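Listed below, chain by chain, are the residues.
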Amino acid sequence: HGPYSVALLVLLRKKSDNMNAARKMMAAYLQDLPPPGGYPEVRYRAKPTVRGPSGAMIWGLSVVFVTVGFYRVGQTNIARRAEKEEKREARFAIAPLLQAEEDLRYVQARRNGEVSSNVYKSAGIWFPPTK
């Protein structure tokens, strides 16, 4: 046997002595064990908190708002169309009166010589009445 084998035997001997001492200490130590039937179940997932409306509710409200908005735009367009029609009918109703006033003004201006009859000769289509 060489010098290494003797050193190895000494180390093994010391190691076994240390192991025996550790076993004696462990014999005095009582390990803590779980209770009979085990520990109660640990809840590791938190209850999810409500973080606002669901996606379906958001979509539903969006559809409702858009529908109501389009309805109101349509109703406004109908009201505007009715107002324009009323204004147009009023203009058509007073058009003959306005035309009569303008004709009267023209005839008076013509009698006073403010309008010359040569103005209409260049058109070649309409001939002014003679005096």
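In the block above lies the structure referred to throughout.
Residues numbered from 1 in each chain as written. Predicted model: local features only at pLDDT ≥ 70, side-chain atom pairs only at ≥ 80, totals over all residues. Heavy atoms only, no water.

Peer 1: Which residues make up the overall build of the protein, and what values go with them?
Peer 2: For the protein, the count of helices and strands is 2 helices and 0 strands. Counting all 131 residues of the protein, 2% fall into the buried class. Roughly 13,300 Å² of accessible area belongs to the protein as shown, and the carbon and sulfur atoms make up 63% of that amount. (Helix = DSSP H or I, 4+ residues; strand = E, 2+ residues; numbered from the N terminus. Buried < 20%, exposed > 50% of the residue type's maximum accessible area, 1.4 Å probe, protein only. Areas by Shrake-Rupley, 256 points an atom, 1.4 Å probe, with all protein chains shown as cover.)

Peer 1: Explain the pattern of salt bridges to me, using residue names and the numbers behind them.
Peer 2: Throughout the structure, instances matching the rule amount to 2 salt bridges. Between Glu85 and Arg88 there is a salt bridge; the shortest N-O distance is 2.2 Å. Of this pair, Glu85 and Arg88 are both found in helix α2 (residues 55-111), 3 residues apart, which corresponds to roughly one turn of the helix. A relative accessible area of 31% means that Glu85 is categorised as partly exposed. Arg105 is the partner of Glu102 in a salt bridge, and the nearest nitrogen-oxygen pair spans 2.6 Å. Placement of the pair is Glu102 and Arg105 together in helix α2, with a separation of 3 residues, close to one helical turn. Taking relative accessible area as the criterion, Arg105 reaches 48% and is therefore assigned partly exposed. (Salt bridge = Lys/Arg side-chain N within 4 Å of Asp/Glu carboxyl O.)

Peer 1: So, α2: which residues are in play, and what are the values?
Peer 2: In an α-helix, one full turn covers 3.6 residues, which means residues spaced three or four apart are oriented alike. With 57 residues, α2 should cover 84 Å at 1.5 Å per step; its first-to-last C-alpha distance of 82 Å lies within 8% of that length. Along its length, α2 reaches its greatest deviation from straightness, about 40°, at Ile94, and the proline Pro96 lies no more than four positions downstream. Directly after α2, the chain includes Gly113, whose backbone phi takes a positive value near 80°. (Expected span 1.5 Å × (residues − 1). Bend = angle between axes of the 7 residues up to and from the residue.)

Peer 1: Explain a nonpolar patch on the surface to me, and be specific about the residues and the numbers.
Peer 2: On the surface, Met57, Leu61 and Phe65 cluster together into a nonpolar patch covering about 350 Å² of accessible area. Mapping Leu61 onto the fold places it in helix α2. The exposure class of Leu61 is partly exposed, given its relative accessible area of 45%. (Patch = residues over 30% accessible without salt bridge, like charges linked within 9 Å, V, L, I, M, F, W, Y side chains within 5 Å.)

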